[in-house]
Amino acid sequence: MPVAVGRIRLRQALVLLTGAAVGAESAHLAFQTNWYAFGGTSWWSALLGLSAGAAVVATGVVELGSQRNRTAGALLAAAGITWMVTVWDDPAAPAWIFLAGRMLGTVWPVLVAHSLVRRFGGLSRGERATLALAYAITVGVDGLAEALVFNPATNGCADCPANPLLLVDAPGAAAGLQQAATLAGPIWTVLLIAALAIRLVRSTSAGRRLELPITAVGMTLLALVAAGYVRAVARRLPETDDAALWAAEAGLLLMLCLAAGWPAIALTRTRHRLAHLVVQASAVPPIGGLGRVIGTVLQDPTARLLYPQRDTTQGDMTERELIDPDGGRAEPHAELTPITRGSDIVAYLDHRSPLLDHDTALIAQVARLSLDNERLHAERIARLHELRASRVRIVDEADRERRRLERDLHDGAQQRLVSLALGLRLADVADERPDSPAATVLAEAEAEVAAALTALRAIARGLYPRELADEGLAAALETFAESDPTPVDLELDLPARVRSDVESAAYFAVAHFLATPVYEPGSGRAIRAWQEGEQLYLYLAGSMRIDDVTPAEDRVGALGGAVQLIDTGSIRIELPCAS
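As a starting point, this report considers the structure included with it. Since the structure is predicted, the reported quantities are computational estimates derived from the model, not experimental observations.

Conventions adopted
Residue positions within a chain follow its written sequence, with the count starting from 1. Owing to the predicted nature of the model, reporting of local features is limited to residues with pLDDT of at least 70; listing and counting of side-chain atom pairs is limited to 80 or more, with chain, interface and lining totals taken over all residues. With hydrogens and water excluded, all non-hydrogen atoms of the structure serve as input to the side-chain values. Think of it this way: any DSSP run of H or I at least four residues long counts as a helix, any run of E at least two long counts as a strand, and we number them from the N terminus. Burial here depends on accessible area, computed with a 1.4 Å probe over protein chains only, as a share of the maximum for the residue type. Under 20% is buried, over 50% is exposed, and the range in between is partly exposed. Contact between two residues is taken to exist if any of their heavy atoms lie within 4.5 Å; hydrogens are not considered. Cavity and pocket criteria rest on a 1 Å grid covering protein atoms alone: a 1.4 Å probe that fits but cannot get out defines a cavity, protein on both sides within 12 Å along at least 5 of 7 lines defines an open pocket, and an atom within 4 Å of a point defines a lining residue. Grid points are joined across faces, edges and corners, and a volume is the space filled by probe spheres set on the points. Any two strands are treated as partners once DSSP identifies two or more bridges connecting them. As a rule, the C-alpha atoms of each element are fitted with a line to give its axis, helices using only the stretch in contact, and angles between N-to-C directions run from 0 to 180 degrees. The nonpolar core is taken to be a set of buried Ala, Val, Leu, Ile, Met, Phe, Trp, Tyr and Cys residues, with the residues joined through side-chain atoms within 4.5 Å. Whenever two N or O atoms come within 3.5 Å, that pair is a polar contact, provided that in protein one can donate a hydrogen and the other can accept it, and provided that, for residues adjacent in sequence, both atoms are side-chain atoms. Any carboxyl oxygen of Asp or Glu that lies within 4 Å of a side-chain nitrogen of Lys or Arg is treated as forming a salt bridge with it. Any two rings among Phe, Tyr and Trp, with Trp reduced to its six-membered ring, count as a pair given centres within 6.5 Å; such a pair is stacked if its planes are under 30 degrees apart, edge-to-face if over 60, and tilted if neither. As a reminder, the over-ring test applies to NZ of lysine and CZ of arginine, requiring each to be within 6 Å of the ring centre and within 35 degrees of the ring normal.

1. Comments concerning the overall build of the chain
Step number 1: Helix and strand content of the chain: 18 helices and ten strands.
Step number 2: Put simply, the chain has 579 residues, and 45% of those count as buried.
Step number 3: Within the chain, counting contacts between residues at least 6 apart in sequence, those at least 24 apart form 69% of the total.

In C-alpha cells, the structure reads:
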C-alpha cells in the first residue's frame, strides 16, 4: 500500500474511532440517565439523534478518503461528533465531559456549513470572515467565555458537576454571554446561508448539478437552526416544541448524508450512459455525426463538437478560433467544455445540459479514434477553405490590376498614339509635295503608329476586355470569336449576367485554351457556354494547349469550379455562379 494511501486510511480509522467513542458516551448518557437527550426524554428521540450523528460521522469518514472532498469530509465528521456531544450537557456526566457538552454543543451547524462551503473549493475573504464570526460566537462566546464565569450550582443545578474552568462565579455575566450568543445566532446562520447560495449560483452547471442536493439540505438545516435561535429569543413557543425541532434537525442530517452520496450516483449513471457511447463510437460515425452521438448519450440534442484551429505556422493549437466538423468558423451556442487527452485539448463540447468533470475524460477515451478522425477532417477542410479564400483574393487582385492597366493603356498611351497619328495625318495633308522625301517619311511614320496602336489595343484587350467589364461574358466571347484569326463556332445560352469573378474566370480560361496568336490554330474550334441553375458550363473544342491547364485550373479552382479534359483538344469547365 502506498504511503499516502496508508496515511489516509490511518486518519479515517482515527476519526472513526473518535466518533465511536463519542457515540458510545452519548448513548450511555441518552439511554441510561434519561435526561433531555436530543430534545426529548423518549428512547426514539435518543435513537434518532444518535443515528443522525453516526451517519454524519460515517459520511465524513468516507469523504475523507476522497482527494476532492478530503477537507470537507473532515469537517463533516467533526460536525457529527459535536452533534452527539450536545447530550453531554448532563448532570450525570463527569466534569470534563459535562464541560465539553456546554462548550461544543452549539458549534455543529457551523461545521456543517463550513464543510458544505469547502466542497466548492477554497474560501473567499467574505466566507472566512463569516465562518470566523460563527466560530467565535459558538465556541468563543457561548463556549469558552461562558465556561469561565459559569457555576452550575449558582445557576440552580445542584446535581451538576463542578466547572473545572471556572475563574469567576458571575451568574449575570454568564447569562449575558448566553443571551448575546443567542441574539447573534440568526445573524451568522443567515450569513452562512447566503454564502452557500452565492457559491451555488456562481458554480458551473456541472458543479450545481452535483452539489445542489446536499447544499439545499444544508441551507434548510441552517434555516431551522436560525428558527431555533429566534424561538429562544422570542420565548413564545411551548417547551415541547424542542423535541420537534431536534427531530427535524436530526432528520435533515440524515438527508444530508443521503445527499452526499448523490455525486457517486451521478457518476454511476454517467458511466452507464457513456458505456453506450463506447458501442456507438466503435462504429465510427460519419464526419459530423460524433457530436450527435454524444448528444444522444448525454440526453442533450443541442450538443455538438467544435475543434480548435491549428496554427499552421507554429504547429500548435489556438483557442481563439473554433471550427465545426465541416471546417467552418463556429461560435459556441451555450456552455463550452474542453475535452482533453493528457494536457492537450483535442476538442470542445458545446452543450446546454450540465456535464460532469469526468464525462469529458471518458468521452476522450472511448471516442478517441472518432475524435481524431473528425478533428483531422475538420482541420483539412478549414485549410482548404483558407487556401480557396487565398486563391480568390489573389485572382481578384490580379483582375483589378488587369483592369487598372487596361484603363491606363486606353486612357493614356492609346490616346497619345491616336493624337500622334492624327498629327502625322495632318502634316501629310499639309505637305504640298506628295512625292517629296518628307512625305515618304511621314507616311512611314503614320504606318508605324497605326501598327503600334493596333498592337497596343490587342495588349489592352488581352489584359481585360472592355466588353467583359461593360456588357458581360456573352459579349466578350462574341468579340473574342470575331477577332480571332481562326474561325470559332460559337453557341451561347447565357440568360443573364453572373458575378464578375465568374465571368472573368470563364473568359480567361477560354482565352487561355483557344487563343491563336502564339500557338498553331487547331481545327474544329468551338465554344459552347450555357447555364443550368447555379452552375455555368463551358465546352471548348480544338484546343492546342491541353498540356498547360494549370493557369486555368488555378482561376477556376479558386471559385470552387473544375477543369476536365474530355478527349484530345476538348475541355469541359464547370463554375458555380450563385450570387
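2. A look at empty space enclosed by the protein
Step number 1: Counting across every chain of the model gives four cavities of 30 Å³ or more.
Step number 2: In this structure, the second largest cavity is lined by Phe 38, Trp 44, Ser 45, Leu 48, Ala 243, Trp 246, Ala 247 and Ala 250.
Step number 3: Listed by contribution, the elements that provide at least two residues to the lining of the second largest cavity are helix H2 (43-64) and helix H9 (241-260).
Step number 4: A total of four residues in the lining of the second largest cavity trace back to one element, the largest contributor, which is H9.

3. A look at the pairing of strand E7 (residues 526-532)
Step number 1: In terms of strand pairing, strand E6 (residues 489-493) meets E7 through five bridges, oriented parallel. Bridge assignment links Glu 491 to a residue of E7, and that residue is Arg 528.
Step number 2: Both E7 and strand E8 (residues 535-541) contribute to a ladder of seven bridges, which runs antiparallel. Residue pairing in the sheet places Trp 530 in a bridge with Tyr 537 of E8.
Step number 3: Here E7 hands over to E8 after two residues, with Gly 533 in that stretch at a positive phi of 65 degrees.

4. Some details on the sheet that holds strand E9 (residues 562-567)
Step number 1: Read from one edge of the open sheet, five strands run E6-E7-E8-E10-E9, paired in mixed fashion. The sheet terminates laterally at E6 and E9, the two strands that pair on one side only. Sheet twist, expressed as the average angle between the axes of neighbouring strands with direction ignored, equals 15 degrees.
Step number 2: Contacts from helix H16 (residues 473-483) reach E6, E7 and E8 within the one sheet, and its direction differs from that of E6 by about 175 degrees.
Step number 3: Of the strands in this sheet, E7, E8, E9 and strand E10 (570-576) are in contact with helix H17 (residues 500-514), which crosses E8 at around 10 degrees.

5. Some words on the nonpolar core
A general trend in soluble globular proteins is that nonpolar side chains are found buried together.
Step number 1: With 55 residues, the main nonpolar core has Trp 83, Trp 88, Val 112, Leu 253 and Leu 256 as its most contacted residues.
Step number 2: Sort the elements by how many residues they give to this core and H9 lands first, with eight residues.
Step number 3: Setting aside residues up to four positions removed in sequence, Val 112 forms contacts with Ala 79, Leu 221, Leu 253 and Leu 256.
Step number 4: With 32 residues, the next largest nonpolar core counts Tyr 507, Ala 509, Leu 514 and Leu 559 among its residues.

6. Observations concerning the side chain of Ser 115
Step number 1: Residue position: Ser 115 is located in helix H5 (residues 108-118).
Step number 2: At 2.7 Å, the side chain of Ser 115 forms a polar contact with the backbone oxygen of Ala 72.

7. Details of the environment of Ala 378
Step number 1: Within the fold, Ala 378 resides in helix H13 (residues 368-430).
Step number 2: Owing to a relative accessible area of 0%, Ala 378 belongs among the buried residues under this scheme.
Step number 3: Counting along the chain gives 55 residues from Ala 378 to Ile 323, while the straight-line C-alpha distance between them is 7.0 Å.

8. A look at the environment of Ser 504
Step number 1: Along the chain, the position of Ser 504 falls in helix H17.
Step number 2: Owing to a relative accessible area of 1%, Ser 504 belongs among the buried residues under this scheme.

9. A short note on the pattern of salt bridges
Once the charged atoms of two side chains with opposite charge are near each other, the side chains can pair.
Step number 1: Scanning the entire structure with this criterion turns up nine salt bridges.
Step number 2: Close ionic contact of Glu 63 with Arg 119 constitutes a salt bridge, the shortest N to O distance being 2.7 Å. Taken as a pair, Glu 63 in helix H2 and Arg 119 in the loop between H5 and helix H6 (125-149) lie far apart in primary sequence, 56 residues in all. Accessibility classification places Glu 63 together with Arg 119 in one group, the buried group.
Step number 3: Taking the shortest distance from any N to any O, the salt bridge between Asp 89 and Arg 102 comes out at 3.5 Å. You can see Asp 89 sitting in the loop between helix H3 (70-85) and helix H4 (95-104) and its partner Arg 102 sitting in helix H4, a full 13 residues away along the chain.
Step number 4: For Arg 102, a relative accessible area of 24% corresponds to the partly exposed category.
Step number 5: The network of salt bridges with shared partners includes Glu 63, Arg 119 and Glu 211.

10. With respect to the side chain of Glu 63
Step number 1: Classification of Glu 63 by relative accessible area gives buried; the value is 8%.
Step number 2: Once residues within four sequence positions are removed from consideration, Glu 63 is found in contact with Asn 69, Arg 70, Gly 73, Arg 119 and Ala 260.

11. Overview of the packing of aromatic side chains
Two aromatic rings are characterised by how far apart their centres lie and by the angle between their planes.
Step number 1: Enumeration over the complete set of coordinates arrives at six aromatic pairs.
Step number 2: Ring centres of Tyr 507 and Phe 508 lie 5.4 Å apart, and the angle between their planes is 80 degrees; this geometry places the pair in the edge-to-face category.
Step number 3: On the basis of relative accessible area, Tyr 507 is assigned to the buried category, the value being 5%.
Step number 4: By relative accessible area, Phe 508 is classed as buried at 8%.
Step number 5: The rings of Trp 83, Trp 108 and Trp 246 are connected pair by pair, giving a single aromatic cluster.
Step number 6: Of note, Arg 102 hangs over the ring of Phe 150, and the distance from its end group to the ring centre comes to 4.0 Å.

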